[in-house]
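# Breakdown of the fold
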Amino acid sequence: MKILMVNKFLHPNGGSETYIFKLGEALVKLGHEVQYFGMEHEGRCVGNAVNAYTSDMDFHGGSKLSKLTYPIKTIYSTEARKKIKLVLDDFEPDVVHLNNFNYQLTPSVILEVVNWRKEKSRDCKIIFTAHDYQLLCPNHMFNNPQTHENCEKCVGGHFANCIKGRCIHGSAVKSVVGAMEAYFWKYKGTYKYIDKIICCSEFMKTKMDTNPVFAGKTIAMHNFITHADKEAATCGESTFYKSSSYNNAHEDKYVLYFGRYSWEKGIKTLIKACEKLPDINFIFAGSGEYAEEIEKLPNGKNVGFKTGEELDALIRNAEFTIYPSEWYENCPFSVMESQERLVPVVGANIGGIPELVEDGKTGRLFKSGDSKELADTIKNLWNNPEELGRYRENLKELRRLDADEYARELLTLLGEL
C-alpha cells in the first residue's frame, strides 16, 4: 500500500511531527511505501520523490510583502494544490493521511486529492488524524487566551465568536482571518470528502461528533508510545542523583512536573499548590513564561528542558508526576511516559486525561484549576507510600500500543474502508 503523509511541518517541531515520523517508519517496516508532503524548511527530514513542497510560511518573520499576502494564503493555497498534484501524479498513493494542514497548506489539498482521484479513476482514501480541535475551533484549543477560560461558542459553525473573543493570539486581525478561513471551508463543504477521522481520545471524538459532517466517520485511537523498560523503574530509589550532575538541593524524594510552563498547562495552579506544601520537594523540567515564578519557590527547582536519558531518570525517580492542565487535553504523552515507567500521575480531571489516569487505581484526579484540591491530593499521596505502591503494581498491567501495533490497527481500519 502507498501512503502519502500530509503535514505542514516536515521537521521535528511537536507532537504531530513525532507521530507522522514514527508511524511512517512503522508502516515501512510492515512493507508499505510512505512519502510526505508539506512545507520546505531548513531541517526537513522526510519528503517525496519529486521534491515538491510549499514555500515556508514564517508568521513571526519574513518580508513585509509576504506578510501582506498571508491572510489570503492561509485560507486557500494554490501553491499547495499545484505541488501536491506533482506528488500525486508521481507516487499514486492509495491513501492520503492528513495531519496538521490548516493555515500553511490549507484544505485546498483535499480538493486536489478529490480532483486527482476523479481524473485518474483512483480509489484513493482520505483519512485525517485530529491532533487538536482546528476543524471545530479557529484557535485550535476551545480556549479563550484573553480570559483563559475553556469555550465552545464556535461549535456548530458559529465562528464569529472567534472575532468577538479575539481568540487567535489576542489579535483582532488574526481572529478575523481565522474566522474567515473556518467559514470559507464550512460553506464549501470540503471536509465531507474525508473518509475517516482518527481522534486521539474519546473526549475529542465526542467533540468532533457535534459536527454532522464528521459524525459517523470518527474513531477514537489513543496515541502510541515507545515502550520503556519497566524492569528498570526504581520506584523511588534515588539512583538519578547518584549518577547525575544535579547536586544537593533535593537529595530526598520529590514530585515532578515536566512540560511547558504555560497557563493552559496549569502551571499557575501548580505553583499555588507548591506554596501550600513547603515540606514537599518539587522538580520542574521544562521552559516557558512561568520559569521565574518557579525559581522563587523555596521547595522547587527548575532544571530546564530535558530529553533522553536525563528526562528518563527524572521520571523514574519521582514519587509521582503532576499533569495539572486547564485546557481540553487530548492524549498527553507526558502522562503515558510516566506510566510506562511505573510512575503514578496526579492529573487534572479534564479532556482526555481521565481516559489515561484511573482515579484510585493508577493515579489520582483532581478538579482542574483548583489549587487547594491539588495540594490536598499531593499531600495525601506523598504521605501514603502504600497507596503509591499499589498504583505502581497496577501500572505493570497497563498496556498501550507502540508505533508498530498502532500501524497494524491503522491498516486494519484502512482495510475496512
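Up top you'll find the structure we're talking about.
We now turn to the structure provided with this report. Bear in mind that the values here come from a model prediction, so they are computed numbers and not experimental data. (Residues numbered from 1 in each chain as written. Predicted model: local features only at pLDDT ≥ 70, side-chain atom pairs only at ≥ 80, totals over all residues. Heavy atoms only, no water.)

## With respect to the pattern of salt bridges
- Tallied over the entire structure, the rule returns 21 salt bridges.
- Two residues, Arg81 and Glu112, come together in a salt bridge whose shortest N-O distance is 2.9 Å. In this pair, Arg81 sits in helix H3 (residues 78-91) while Glu112 sits in helix H4 (residues 108-120), placing the two residues 31 residues apart along the sequence. By the burial criterion, Arg81 is buried, and Glu112 matches it. (Salt bridge = Lys/Arg side-chain N within 4 Å of Asp/Glu carboxyl O. Helix = DSSP H or I, 4+ residues; strand = E, 2+ residues; numbered from the N terminus. Buried < 20%, exposed > 50% of the residue type's maximum accessible area, 1.4 Å probe, protein only.)

## Details of the pairing of strand E10 (residues 282-288)
- Among the seven residues that make up E10, five are buried, leaving the element largely enclosed by the rest of the structure.
- Pairing geometry for strand E9 (residues 255-261) and E10, over seven bridges, is parallel. Bridging from a neighbouring strand, Leu256 pairs with Ile283 of E10.
- As paired elements, E10 and strand E11 (residues 300-302) share three bridges and run parallel to each other. Note that in E11 the partner of Phe284 across the bridge is Asn302. (Pairing = 2+ DSSP bridges.)

## Examining unusual backbone geometry
- The phi torsion at Ser121 lies on the positive side, around 55°, for a residue other than glycine.
- Relative to the assigned elements, Ser121 resides in the loop between H4 and strand E4 (125-130).
- One non-glycine residue, Arg166, lies in positive phi territory at about 45°.
- Note on placement: Arg166 falls in the loop between helix H5 (160-164) and helix H6 (172-188).
- In this structure Arg166 comes out as partly exposed when scored by relative accessible area, which is 42%.

## Side note on the packing of aromatic side chains
- The tally for this structure, following the rule as stated, stands at 17 aromatic pairs.
- With centroids separated by 5.6 Å and ring planes inclined at 75°, the aromatic side chains of Phe101 and Phe128 adopt a geometry described as edge-to-face. A residue pair is termed long-range when its members are at least 10 positions apart, and Phe101 in the loop between strand E3 (95-98) and H4 and Phe128 in strand E4 qualify at 27 residues. For the pair Phe101 and Phe128, one class covers both residues: buried.
- Between Tyr257 and Phe284, the ring centres sit 6.3 Å apart and the planes meet at 50°, which makes this aromatic pair tilted. You can see Tyr257 sitting in strand E9 and its partner Phe284 sitting in strand E10, a full 27 residues away along the chain.
- Phe284 gets classed as buried once you look at its relative accessible area, which sits at 1%.
- Cation over ring: Lys253 sits above Trp382, and NZ or CZ is 4.6 Å from the ring centre. (Phe/Tyr/Trp six-rings, centres within 6.5 Å; stacked < 30°, edge-to-face > 60°. Lys NZ or Arg CZ within 6 Å of the ring centre and 35° of its normal.)

## A short note on the sheet that holds E10
- Read from one edge to the other, the open sheet built from six strands follows the order E11-E10-E9-E12-E13-E14, with strand pairing classed as parallel. The open sheet terminates on both sides in strands that have one partner only, identified here as E11 and strand E14 (363-366). On average, each strand axis in the sheet is tilted by 20° relative to the strand beside it, whichever way the strands run.
- Against the sheet, helix H13 (residues 371-382) makes contact with E9, E10, strand E12 (320-323), strand E13 (345-348) and E14, and its axis sits at roughly 160° relative to E14, the strand it touches most. (Axes fitted to C-alpha atoms, helices over the stretch in contact; angles between N-to-C directions. Contact = heavy atoms within 4.5 Å.)

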